[in-house]
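Read off the chains here:
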Amino acid sequence: MKNKTQYIIISLMISIFILASCAAPASEAPAPEEPLVEVMEGMVQDDSSNDSSQSIEAEPIVSKAGSGNDLMIATRSNRLIIKDAVIKLLVQDSDIAVDLVTQIVSDVGGYIVSSRLWYENWGEESYKYSTTTIGVPVDQFERTLRRLRDISVRVLDENASGEDVTDQFVDLESQLENLNATRDRVRVFLDQAKTVEEALTVNKELSKIEGEIEEIQGRINYLADRAAYSTITISIEPELPELPTPTPHATSTAVPWVPSETFGKAARTLTTTYQGLVDFGIWIFVAVIPVIGPPLIVAWFIWRFANKEKMAKNKKEDE
């Protein structure tokens, strides 16, 4: 009986570690730490020395990380596709277009994520612009885009994309299943803990596993919600009228006579003239005469001396 109990508990430990090693690479979860192993070994030793120990029936755990994924993908009728689109519309009337967008969202069973309205001036008037982000059921994605195109004068820009997350979703489901099985096995060891230290050690590992389960479950829920509802961002611009070309007006070239302005201009001209003459005189006496004066005086004396001799010679010839 003792050997059978010890064998069953050791088999249970081996199953736990095999299951944890399968789940750790996918979820990047750390394997149970060494204290948990020591506690389990101590529990095995205590059971082997206890004559009244109870036998635990161990059920084999088969990981579905291998062929199970293929089965889950094969049985899934639709792929999980996250669809997004951005569409820019030119419309005749922005107010009507915004109301029609709201009506389309209601008809397809969607919801408005965010909305923004603003006005811009064109000529003497202001025109409404809007940007709206909506979520619509994935099976209404293409229909919604068609109805949005119909409310516009022209589609200025459109961009749609899709991301297949089926494999990622299936992998997360497999990780979740393995972690749930690991959690159940660790709970068995928690029930078998005989000391406070053993219970605290096992409970610490149980908390880690439950945290990983919540994280993966949240990721699964996010992918499921994003794949169930597609996102469309709608930009609306009004069709602007052409601005009229301004007509040039004939202007009169006749200038009225103002005697005071004429007198002022004449006085300014006279003043400028006298200022110019005074400036010219200053330049002559300061800059010009000192430079050319001495050479002129020397030349004059030479000319005078030469003429004096010539006049004396001519006088002698006359006598």
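About the thresholds
Residues numbered from 1 in each chain as written. Predicted model: local features only at pLDDT ≥ 70, side-chain atom pairs only at ≥ 80, totals over all residues. Heavy atoms only, no water. Axes fitted to C-alpha atoms, helices over the stretch in contact; angles between N-to-C directions. Helix = DSSP H or I, 4+ residues; strand = E, 2+ residues; numbered from the N terminus. Parallel < 35°, antiparallel > 145°, perpendicular 65-115°, else oblique. Left-handed = near helix turned anticlockwise from the far one by under 90°. Nonpolar A, V, L, I, M, F, W, Y, C, P; charged D, E, K, R; others polar. Polar contact = N/O pair within 3.5 Å; in protein donor to acceptor, adjacent residues only side chain to side chain. Buried < 20%, exposed > 50% of the residue type's maximum accessible area, 1.4 Å probe, protein only. Contact = heavy atoms within 4.5 Å. pLDDT = per-residue confidence, 0-100.

## Details of the packing of helix α6 (residues 166-192) against helix α7 (residues 196-228)
Then step 1. The N-to-C vectors of α6 and α7 enclose an angle of 160°; their axes lie 9 Å apart at closest approach. Taken as axis vectors, α6 and α7 run roughly antiparallel relative to one another. Crossing of α6 against α7: the hand is left-handed.
Then step 2. Its residues assigned to classes, the contact of α6 with α7 shows 16 nonpolar, 6 polar and 6 charged.

## Focus on the environment of Asn-121
Then step 1. Structurally, Asn-121 is set in strand β2 (residues 111-122).
Then step 2. Separated by 2.6 Å, the side chains of Asn-121 and Ser-126 make a polar contact.

## Topic: the side chain of Thr-144
Then step 1. Take Thr-144: it is sitting in helix α5 (residues 141-150).
Then step 2. Given a relative accessible area of 1%, Thr-144 falls into the buried group.
Then step 3. Setting aside its immediate chain neighbours within four residues, Thr-144 contacts Ile-104, Val-108, Ile-134, Val-136 and Ile-232.

## Looking at the confidence of the model for the protein
Then step 1. When pLDDT is averaged along the protein, the result is 75, and 72% of the positions lie at 70 or above.
Then step 2. Counted against residues more than four places away or in other chains, residues 1-7, with its pLDDT under 50, gives 11 contacts.
Then step 3. Long-range and interchain partners of residues 43-77, a stretch whose pLDDT sits below 50, account for 51 contacts in this model, where long-range means more than four residues apart.

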